[in-house]
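Close look at the chain arrangement
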Amino acid sequence: MTDTTARLLINCPDAPGIVSAVSSFLFSHGANITDLDQHATAPIGGTYFMRLELQTVAMDISREALEAAFEQEVAIRFQMNWQLTYAADRKRVAILVSKHDHAMMELLWRWSRGSLPCDIVAVISNHSDLREAVEGFGVPFHLVPVTAETKALAEATLEEKLVGVDLIVLARYMQILSADFTARWPHRIINIHHSFLPAFVGANPYQQAYDKGVKLIGATAHYVTADLDQGPIIEQDVERVSHRDEVGSLREMGQDVERQVLARAVRWHLEDRVLVHGTKTIVFS
């Protein structure tokens, strides 16, 4: 993907002629479509989703003019909700973490090697344990302690440090964000959970899994909403468990799954591959 790539996301009532109208409009202004995915929720009368990538090198009008023309000539006609983003405008990401480092380190490692198309501008933690590891990547580390008595003040401090951020990633941040906080970041906070939700919620999840004799353990990445761990799911994966596995090996496998699932979910969000539809997502992975 180059800095000349743009991405168009659309959802609207399904109707004949959408693909033709969109592609003809883009062609008329010199854009070249290089990738297109689409999905309709029903053969007739459903909701239509589209994601396409286009090259902007030969476009004959400015971004602003293109977007205004698209709204008037195409979007209004088909009652579209839509957004057009540009790969050159890298999203600014902040990671929130507590003491477990595996998910955070996976994101920092991938980012440092260029496989996460974003700018990680801060890591914020309620503990100081990971400062050295974070600063080793050249990323600013901020300590914002949280107690029951200081929660409101801590969230206000978080908001100050998150000014200008496009995406918050909870990489095992062991604090519950308030409903007011999450409401200000709709579909812009991604969390990783150590199971198929809602199984094994709370403390010692791998001990719970061991006690139940599970045959699969997994991880779930989802958007954060005011309903705890009930937000739209972006990605999930599993590992098969043997009766020979102890709590320690379950934890090791589980953390590996968490790393992979969170990294995929974050990358798909950064590449504008996720469309939220009610309580679900359409993921053009």
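Notes on the structure follow. (Residues numbered from 1 in each chain as written. Predicted model: local features only at pLDDT ≥ 70, side-chain atom pairs only at ≥ 80, totals over all residues. Heavy atoms only, no water.)

Focus: the packing of aromatic side chains
One pair of aromatic rings is described through two measures. These are the centre distance and the angle between the planes. Under the convention used in this document: Working definition: rings of Phe, Tyr and Trp (its six-membered ring) pair if their centres are within 6.5 Å, and the pair is stacked with planes under 30 degrees apart, edge-to-face with planes over 60 apart, and tilted otherwise. Elements are defined by DSSP. Helices are runs of H or I of four residues or more, strands are runs of E of two residues or more, and each kind is numbered from the N terminus. Under the scheme applied here, a residue whose accessible area is under 20% of the maximum for its type counts as buried, over 50% as exposed, and between as partly exposed, the area being computed with a 1.4 Å probe on protein chains only.
What the rule picks out here adds up to three aromatic pairs. A ring pair is formed by Phe70 and Trp82, whose centres lie 4.9 Å apart and whose planes are at 65°; its orientation type is edge-to-face. A residue pair is termed long-range when its members are at least 10 positions apart, and Phe70 in helix H2 (residues 63–78) and Trp82 in strand S4 (residues 81–86) qualify at 12 residues. With a relative accessible area of 3%, Phe70 lands in the buried category. Here Trp82 falls in the partly exposed class, since its relative accessible area comes to 23%. Ring geometry for Phe181 versus Trp185: centroids 6.5 Å apart, planes at 25°, classification stacked. On the accessibility criterion, Trp185 (5% relative accessible area) is buried. Among the aromatic side chains, those forming a connected cluster through ring pairs are Phe25, Phe70 and Trp82.

Some words on the side chain of Thr85
So the rule is basically this: As used in this structure description, the phrase polar contact means that two N or O atoms lie within 3.5 Å; if the pair is within protein, one of them must be able to donate a hydrogen and the other to accept it, and residues adjacent in sequence are counted only when both atoms belong to side chains. Whether two residues touch is decided by their heavy atoms; if any such pair falls within 4.5 Å, the residues are in contact.
In this structure, Thr85 sits in strand S4. You can call Thr85 buried: its relative accessible area is 18%. A polar contact is formed between the side chain of Thr85 and the side chain of Asp272, at a distance of 2.6 Å. When neighbours within four sequence positions are excluded, Thr85 is seen to be in contact with Ala6, Arg7 and Asp272.

Focus on the side chain of Thr281
Mapped onto the secondary structure, Thr281 falls in strand S13 (residues 280–283). A distance of 2.6 Å separates a polar atom in the side chain of Thr281 from the backbone oxygen of Ile233. Those residues in contact with Thr281 that sit more than four places away from it in its chain are Tyr223, Pro232, Ile233, Ile234, Val274, Leu275 and Val276.

What about the packing of helix H7 (residues 205–212) against helix H8 (residues 247–270)?
We apply this condition: Between N-to-C directions, angles span 0 to 180 degrees; the directions come from axes that are lines fitted to C-alpha atoms, helices contributing only their stretch in contact. Put simply, angles under 35 degrees are roughly parallel, angles over 145 are roughly antiparallel, angles from 65 to 115 are roughly perpendicular, and the rest are oblique. By the definition used in this description, the sense in which the near helix is turned from the far one sets the handedness, with an anticlockwise turn below a right angle giving left-handed and a clockwise turn giving right-handed. Polarity classes work like this: nonpolar for Ala, Val, Leu, Ile, Met, Phe, Trp, Tyr, Cys and Pro, charged for Asp, Glu, Lys and Arg, and polar for all others, with Gly in that last group.
It is the contact of H7 with H8, at a shortest axis distance of 9 Å, that shows an interaxial angle of 120°. If you check the angle between H7 and H8, you find them oblique. The element H7 and its partner H8 pack so that their crossing is right-handed. Of the residues in H8, those in contact with Tyr206, Gln207 and Tyr210 of H7 are Val247, Leu250, Arg251, Gly254, Gln255 and Glu258. Looking at the contact of H7 with H8 residue by residue, the classes come out as four nonpolar, three polar and two charged.

Quick look at the pattern of salt bridges
Working definition: two side chains of opposite charge can pair if their charged atoms are close together. For clarity, the cut-off: Just to be clear on terms, a salt bridge is a Lys or Arg side-chain nitrogen sitting within 4 Å of an Asp or Glu carboxyl oxygen.
Under the counting rule described, the total for this entry stands at 18 salt bridges. A salt bridge links Arg184 to Glu159, with the shortest nitrogen-to-oxygen separation between them at 2.7 Å. Separated by 25 residues along the polypeptide, Arg184 in the loop between helix H6 (179–183) and strand S9 (189–193) and Glu159 in helix H5 (residues 151–161) bring together distant segments of the chain. Looking at Arg184, the relative accessible area reads 45%, which means it is partly exposed. Here Asp237 makes a salt bridge to Arg264, at a shortest N to O gap of 3.2 Å. Within this pair, whereas Asp237 is found in strand S11 (residues 233–240), its partner Arg264 is found in helix H8, the two being separated by 27 residues in sequence. Judged by relative accessible area, which is 32%, Asp237 ranks as partly exposed.

Focus: H2
Cut-off, in case you're wondering: Expected span of a helix, by definition, is 1.5 Å for each gap between consecutive residues, and there is one gap fewer than residues. In this scheme, the bend at a residue equals the angle between the axes fitted to the seven residues that finish there and the seven that begin there.
For H2, which comprises 16 residues, the first-to-last C-alpha distance of 21 Å matches the rise-based estimate of 22 Å (1.5 Å per residue) to within 8%. The largest bend in H2 is about 45°, located at Glu71. Every buried residue belonging to H2 is among Leu66, Ala69, Phe70, Val74, Ala75 and Phe78, and all of these are buried. If you follow the buried residues of H2, they end up packed against strand S1 (5–13), helix H1 (18–28) and S4. Of the residues trailing H2, Gln79 is marked for its positive phi of about 55°.

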